[in-house]
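Overview (structure and organization)
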Amino acid sequence: MKIAIYHNLPGGGAKRALYEQVKELVKKAEVDLYYLSTNNESFLDLRPLVQTSYVYPFFQLHRRRIWPIIIWVAFWIERIFFRKTAKRIAADIDSRGYDFVYLHQCEFTHIPPLTRFLKTPSIVYCQASGFGLSGPDAQRPALDPLAQARGGLMSVTGEPDSPPTRTFAGMADQVSAFLLSFGIMVALYRRERTGEGQ
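Starting afresh in each chain, residues are numbered from 1 along the sequence in its written order. Side-chain atom pairs in this predicted model are given and counted only at pLDDT of 80 or more, local residue features only at pLDDT of at least 70, and totals for whole chains, interfaces and linings cover all residues. Where side-chain values are given, they derive from all heavy atoms of the structure, hydrogens and water being excluded.

All right, on to the overall build of the protein chain then. In this text, helices come from DSSP runs of H or I with a minimum length of four residues, and strands from runs of E with a minimum of two, each type numbered from the N-terminal end. Assigned secondary structure in the protein chain consists of four helices and four strands. Only protein chains enter the accessibility calculation, which uses a 1.4 Å probe; a residue whose area is less than 20% of its type maximum is buried, one above 50% is exposed, and one in between is partly exposed. When the 198 residues of the protein chain are sorted by exposure, 32% land in the buried category. For this analysis, residues touch if any pair of their heavy atoms sits within 4.5 Å. Summarising the internal contacts of the protein chain: among those between residues at least 6 apart in sequence, 58% fall at separations of at least 24. Here, Shrake-Rupley sampling with a 1.4 Å probe gives the accessible areas, and only protein chains in the shown set may cover a residue. Total accessible area computed for the protein chain in this model is approximately 11900 Å², and 60% of it derives from carbon and sulfur atoms.

This part is about the confidence of the model for the protein chain. Every residue gets a pLDDT, meaning the predictor's confidence in that residue, from 0 to 100. The share of residues in the protein chain with pLDDT of 70 or more is 80%, and the mean pLDDT across the chain is 80. Looking at the elements of the protein chain, mean pLDDT is at its lowest for helix α2 (residues 68-95), recorded as 77, and at its highest for strand β3 (residues 52-56), recorded as 94.

What counts as a salt bridge is simple: a side-chain nitrogen of Lys or Arg found within 4 Å of a carboxyl oxygen of Asp or Glu. Taken as a whole, this structure holds five salt bridges when the rule is applied. Arg47 is the salt-bridge partner of Asp45, the closest N and O atoms lying 2.9 Å from each other. When its relative accessible area of 36% is taken as the criterion, Arg47 is described as partly exposed. When the shortest N-O distance is used, the salt bridge between Arg150 and Asp137 registers 3.0 Å. Here Arg150 is found in helix α3 (residues 144-151), whereas its partner Asp137 is found in the loop between β4 (100-106) and α3, with 13 residues between them in sequence. Residue Arg150 is classed as partly exposed on the basis of its relative accessible area, which comes to 47%.

The next subject is the packing of α3 against helix α4 (residues 171-194). Orientation of α3 relative to α4, taken along the N-to-C sense of each, is 90°, at an axis distance of 7 Å. The angle between α3 and α4 places the two elements in the roughly perpendicular class. Between α3 and α4, the contacting residues are Asp144, Ala147 and Gln148 on the first element and Met171, Ala172 and Asp173 on the second. Throughout this entry, Asp, Glu, Lys and Arg are counted as charged residues, while Ala, Val, Leu, Ile, Met, Phe, Trp, Tyr, Cys and Pro are counted as nonpolar. The remaining residues, Gly among them, count as polar. Within the contact of α3 with α4, the residues separate by chemical class into three nonpolar, one polar and two charged. Between N-to-C directions, angles cover 0 to 180 degrees, with each direction set by a line fitted to C-alpha atoms, over the stretch in contact for helices. Every angle not falling under 35 degrees, over 145, or within 65 to 115 is termed oblique; those three ranges are roughly parallel, roughly antiparallel and roughly perpendicular.

What follows concerns unusual backbone geometry. Only a minority of non-glycine residues have a phi that is not negative, and only a minority of peptide bonds are not trans. The backbone phi angle of Leu44 is positive, close to 50°, even though this residue is not glycine. Within the secondary structure, Leu44 sits in the loop between β2 (30-36) and β3.

To continue, consider the nonpolar core. The nonpolar side chains of soluble globular proteins are, as a tendency, buried together. We call a set of buried residues a nonpolar core when its members are Ala, Val, Leu, Ile, Met, Phe, Trp, Tyr or Cys and they connect through side-chain atoms within 4.5 Å of each other. One finds Tyr6, Tyr34, Leu36, Ile89, Ile93, Leu114 and Leu118 to be the most contacted residues of the largest nonpolar core, which totals 18 residues. Counting only elements with at least two residues in this core, the list comes to β1 (2-8), β2, α2 and β4. Per-element accounting of this core gives the leading share, five residues, to α2. Apart from residues no more than four positions distant in its own chain, Ile89 is found in contact with Tyr6, Tyr34, Leu36, Tyr56 and Leu114. Formed by 15 residues, the second largest nonpolar core is a distinct cluster that contains Leu9, Ala14, Val31 and Leu46.

Another point: the sheet that holds β2. Read from one edge of the open sheet, four strands run β3-β2-β1-β4, paired in parallel fashion. Pairing within the sheet leaves two strands with one partner each, and these edge strands are β3 and β4. Going across the sheet, the axis of each strand differs from the next one's by a mean of 15°, ignoring polarity. When DSSP finds at least two bridges between two strands, those strands are taken to pair. In terms of strand pairing, β1 meets β4 through five bridges, oriented parallel. Note on β4: the bridge partner recorded for Ile5 is Tyr102.

This part is about the side chain of Gln148. Tracing the chain through its elements places Gln148 in helix α3. Here a polar contact is taken to be a pair of N or O atoms separated by no more than 3.5 Å, where protein atoms must pair a possible hydrogen donor with a possible acceptor and residues adjacent in sequence count only if both atoms sit in side chains. Within the structure, the side chain of Gln148 is placed 3.0 Å from the backbone nitrogen of Thr167, a separation counted as a polar contact. Contacts of Gln148, omitting those with residues within four sequence positions, involve Leu153, Met154, Arg166, Thr167, Phe168, Met171 and Ala172.

So, on to the packing of aromatic side chains. Only the six-membered ring of Trp is used, alongside the rings of Phe and Tyr, when aromatic pairs are assigned; centres must lie within 6.5 Å, and planes under 30 degrees apart are stacked while those over 60 apart are edge-to-face, with the rest tilted. In total, this model carries three aromatic pairs according to the counting rule given. Their ring planes at 20° and their centres at 6.3 Å tell us that Tyr34 and Tyr56 sit as a pair that is stacked. With Tyr34 in strand β2 and Tyr56 in strand β3, the pair connects residues that are 22 residues apart, well separated along the chain. Under the relative-accessibility criterion, Tyr34 is labelled buried at 0%. The class for Tyr56 is buried, based on a relative accessible area of 2%. Consider the rings of Tyr34 and Tyr98, whose centres lie 6.1 Å apart with planes at 85°: the pair is edge-to-face.

Rendered as structure tokens:
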């Protein structure tokens, strides 16, 4: 099986998850990597794991130290140029005959941008994180009692003169799983109608 992987992730939790997934994929498939020159491949470098790496030059404007209004304009200019780059990457992937393409969310668009241009079968991917993919708590585990406490649910349950009380076991976990599965169904429906993945 031949798999193409595209990502545009900064270093952090999402890149760590991708690294672990690629380590498993390469055991059973031929895996090639597609990424932008702005990626932080020094953090958990995927290149030694895969067969071939393809890097596409890209220049980020909005991370430079400039005035806020210029940052906003630069962000939209980047998106226009990024669309052209995404078309080029998608055409390259389609021309190499992959069985499927594994697309990770993009730092610029927060969705896998290649799905609208690819003809290769693609996957809708969903990732859950208790405290987000970046920020001070991104690497912390999110257990059900912690989610109930930090979400404020425990403060409104129990008796009036008692300390905060947990609701039934696994409530936050079960609701999260339900919402994730619903999100996947909606993403598949949207991809069917528009050709754009999420």
